[in-house]
Amino acid sequence: MNDSKLIEKYFPQLTEKQKAQFAQLGELYREWNEKINVVSRQDIENIYEKHILHSLGIAKVVNFKDFSEILDVGTGGGFPGIPLAIMFPHCQFHLIDSIGKKIKVVTEVANALGLENVRAEQIRAEQVDGEYDFIVSRAVTRITPFYGWVKGKVNINCYNKLKNGILYLKGGDLGEELKELGKKTKTFELHEYFTEEFFETKKVIHVPMV
């Protein structure tokens, strides 16, 4: 199954508007990917599983409360930020990447979907001002340097079930990496939420920062 029905299978509570946005999302990425390559040719065929549903692994781990503010670092073409922004329309998402053409795609996709809760910006994480409840990302680097980039950008007041901090999508054996970080973390195994083989080794790492 590689269409928006895959999203509905795991998130049956979606509104009609959200279903329509998720249905539109795959087509938008296929169109934009022809102009600006943000997703590998192979993955564009499996975009719902490998990018959209993968991004929504975070939504299985925490149900962001309304008005939460989330920074997506190294968003690329908009993952995990765009799927999360559809899922949580009353939260604010700031999607950043250092590559301008990727941010152009994010902006165009967000506009086409009518997402008023997305702000896209070409900027490095270290240069971002402001504080956020959560900082999300899909494996842009090892977790220790990533922690250094975003330190000091987390709001100390927690409203969500999980403590404010990093939610990091990554795969494989992360034992050494987490030991290197030397912080308290919690690992959520995505195969406990999604049955597709792709998720067998995929995880969400939560690093509280307050």
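See the structure above.
The model shown is predicted, which means the values in this text are computed figures rather than measured ones.

Draft legend 1. Region of the structure containing the environment of Phe 64. For Phe 64, the location among the structural elements is in the loop between helix 5 (57-61) and strand 1 (69-73). Phe 64 sits 97 residues away from Lys 161 along the chain, and the two C-alpha atoms are 8.3 Å apart. Beyond its immediate sequence surroundings of up to four residues, Phe 64 is in contact with Ile 58, Ile 70, Phe 88, Cys 91, Phe 134, Asn 160 and Leu 167.

Draft legend 2. The arrangement of the side chain of His 94 in detail. Following the sequence through the fold, His 94 ends up in strand 2 (residues 92-97). A polar atom in the side chain of His 94 sits 3.2 Å from the side chain of Arg 119. One polar contact links His 94 to Tyr 132, side chain to side chain, over a distance of 2.7 Å. With near-sequence residues (within four places) excluded, His 94 lies in contact with Ile 70, Leu 71, Asp 72, Arg 119, Glu 121, Val 128 and Tyr 132.

Draft legend 3. Representation of the packing of aromatic side chains within the structure. Considering all chains together, one arrives at eight aromatic pairs under this definition. When the ring of Phe 64 is compared with that of Phe 134, the centres are 5.3 Å apart and the planes differ by 50 degrees; the resulting orientation is tilted. Separated by 70 residues along the polypeptide, Phe 64 in the loop between helix 5 and strand 1 and Phe 134 in strand 4 (residues 134-138) bring together distant segments of the chain. According to the relative accessible area criterion, Phe 64 is buried, its value standing at 3%. On the basis of relative accessible area, Phe 134 is assigned to the buried category, the value being 0%. These aromatic residues form a ring-pair network of at least three members: Tyr 10, Phe 194, Phe 198 and Phe 199.

Rules of the game
- Residues numbered from 1 in each chain as written.
- Predicted model: local features only at pLDDT ≥ 70, side-chain atom pairs only at ≥ 80, totals over all residues.
- Heavy atoms only, no water.
- Helix = DSSP H or I, 4+ residues; strand = E, 2+ residues; numbered from the N terminus.
- Contact = heavy atoms within 4.5 Å.
- Polar contact = N/O pair within 3.5 Å; in protein donor to acceptor, adjacent residues only side chain to side chain.
- Phe/Tyr/Trp six-rings, centres within 6.5 Å; stacked < 30°, edge-to-face > 60°.
- Buried < 20%, exposed > 50% of the residue type's maximum accessible area, 1.4 Å probe, protein only.

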